[in-house]
Amino acid sequence: MGHDPAAALIDDQGAIVAAIEEGKLGRTRSFGGIPRGAIRFCLERARIRWQEVERVAIASQPGRAFFRKALFRARLAPLAPISSAYYFNKALGELGRELNNSRILQELAGGAADRVINYDHHLCHAASAYFGSRFEKSLIVSLDNQGDGRAGIVGLGERTRLRELSSIPFPNSLGWLFTQITSLLGFSTSASEHKTQWLSLSGEPVFADIFMEMLRRGPKGVPHLNKNISNGTSGESFPSAGSSIAGSGFRRYLSSNSLRKTPTTGCA
Ligand SMILES: [Fe+2]
């Protein structure tokens, strides 16, 4: 519910009855919080009331997100105490907002605590990619900025089950790096990443070497951010370097699990 909130209604057979982003109804990209209009739209489309909804699933675990972010920042605190304190306060505010949103949703859903369930953010990305595909068994890669405090996961989808194989900790985040490029180019973050991604398709990969140097493969084959490089870059070569590093790194998981298919997912 941090940015681009949306609602989807799924029936007892697993079919999507209705789904829409709140921003589409309000014609704005700047909305955050509980997607009340989108929820109302889904209920009206299915002609049901809140009381008839069996479970409410939220695609984030605020407590775990806060813990991971606080742990990451605590390591940097001796080097940058003021910015760390600011970051910690911001993360605390986000935790309060998310917990309050969960509480309001619980009240809307009728008050029973077990009707509202928080799921891991990357597991939700993985579920939407894998269950929306036609694959019986596949590798799943979820990459985003820092969903629930993590840069991504590599998982395995088998029939109705999902299993996490590897976790990619922040700051080794392709999504975060792309957000920095978006900001450097003068676009708004957590909103215009897709714009810069599409613009990059018309560029030449003149900065590919720099991005390859930025995004080395880590020991487990997943992206590893070289923190010594942070300036003098442009966004146009990033997708080719990112996909090259990510692609070759994830091949190891494909061969070790005898797989050929990989749905990819994530958000900025
Ligand atoms: Fe995400």
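To be clear, the structure that these remarks concern was listed above.
Residues numbered from 1 in each chain as written. Predicted model: local features only at pLDDT ≥ 70, side-chain atom pairs only at ≥ 80, totals over all residues.

Enquirer: Sorry, what's going on with the overall build of the protein here?
Expert: The number of helices and strands found in the protein is nine helices and ten strands. Looking at the protein residue by residue over its 268 residues, the buried ones come to 31%. Pairs at least 24 residues apart make up 61% of the contacts formed inside the protein by residues separated by at least 6 positions. (Helix = DSSP H or I, 4+ residues; strand = E, 2+ residues; numbered from the N terminus. Buried ≥ 20, exposed ≤ 12 C-beta atoms within 10 Å, placed from the backbone. Contact = placed C-beta atoms within 7 Å.)

Enquirer: Just to check I follow, could you spell out the pairing of strand S6 (residues 150–158) for this structure?
Expert: In summary, the side chains of a regular strand alternate between the two faces of the sheet. For S6, the buried fraction is high: seven of the nine residues fall into the buried class. As judged from the eight bridges shared by strand S5 (residues 137–147) and S6, these two strands associate in the antiparallel manner. Across the sheet, Ile 140 pairs through a bridge with Gly 155, a residue of S6. Where S6 lies against strand S7 (residues 161–169), eight bridges are found, and the strand directions are antiparallel. Looking at the pairing, Ile 153 lines up with Ser 167 of S7. (Pairing = 2+ DSSP bridges.)

Enquirer: Can you help me understand the nonpolar core in this one?
Expert: Soluble globular proteins tend to pack their nonpolar side chains together in the buried interior. Ranked by size, the top nonpolar core spans 25 residues in total, and within it Ala 126 and Ile 140 carry the most contacts. Of all the secondary structure elements, the ones that give two or more residues to this core are helix H5 (121–131), S5, S6, helix H6 (174–184) and helix H8 (208–214). The biggest single contributor to this core is H5, with six residues. (Core = buried A, V, L, I, M, F, W, Y, C linked by C-beta atoms within 7 Å.)

Enquirer: I'm lost on H6 in this one. Help?
Expert: Within H6 the residues assigned to the buried category are Leu 174, Gly 175, Leu 177, Phe 178, Thr 179, Ile 181 and Thr 182. Trailing H6 by a residue or two, Gly 186 shows a phi angle of about 95 degrees, which is positive.

Enquirer: Can you walk me through the packing of helix H3 (residues 62–76) against helix H4 (residues 81–108) in this structure?
Expert: The description of two packed helices rests on the angle between their axes and on the distance between the axes. Closest axis-to-axis distance for the H3/H4 pair is 10 Å, and the angle between their directions is 175 degrees. Compared by their axis directions, H3 and H4 come out roughly antiparallel. Across the interface between the two elements, Pro 62, Phe 66, Lys 69, Ala 70, Arg 73 and Leu 76 from H3 touch Ser 84, Tyr 87, Phe 88, Ala 91, Leu 95, Glu 98 and Leu 99 from H4. Broken down by class, the residue content of the contact of H3 with H4 amounts to nine nonpolar, one polar and three charged. (Axes fitted to C-alpha atoms, helices over the stretch in contact; angles between N-to-C directions. Parallel < 35°, antiparallel > 145°, perpendicular 65-115°, else oblique. Nonpolar A, V, L, I, M, F, W, Y, C, P; charged D, E, K, R; others polar.)

Enquirer: Would you mind going over unusual backbone geometry with me for this structure?
Expert: The linkage connecting Phe 170 with the following residue, Pro 171, adopts the cis geometry, with an omega of 15 degrees. Structurally, Pro 171 is set in the loop between S7 and H6. Of note, Arg 47 is a non-glycine position whose phi angle comes to about 55 degrees, a positive value. The residue Arg 47 is located in the loop between helix H2 (36–46) and strand S3 (56–58) in this model.

Enquirer: How should I be thinking about H2 in this particular structure?
Expert: Every α-helix winds through 3.6 residues per turn, so residues three or four apart in the chain are directed the same way. Taken together, the buried positions of H2 are occupied by Ala 38, Ile 39 and Cys 42. Projected onto a plane normal to the axis of H2, the buried residues spread over an arc of 100 degrees and lie on a single side. Residues of H2 that are buried sit in contact with strand S1 (6–10), strand S2 (16–21) and helix H1 (22–26). Arg 47 lies just past H2 and shows a positive phi near 55 degrees. (Arc of directions from axis to C-beta.)

Enquirer: Just checking my understanding: could you explain the environment of Phe 72 for this structure?
Expert: In this fold, Phe 72 is placed in helix H3. Given 17 C-beta atoms within a 10 Å radius, Phe 72 is considered partly exposed. Each C-alpha atom, one on Phe 72 and one on Pro 171, is 8.6 Å from the other, the two residues being 99 residues apart in sequence.

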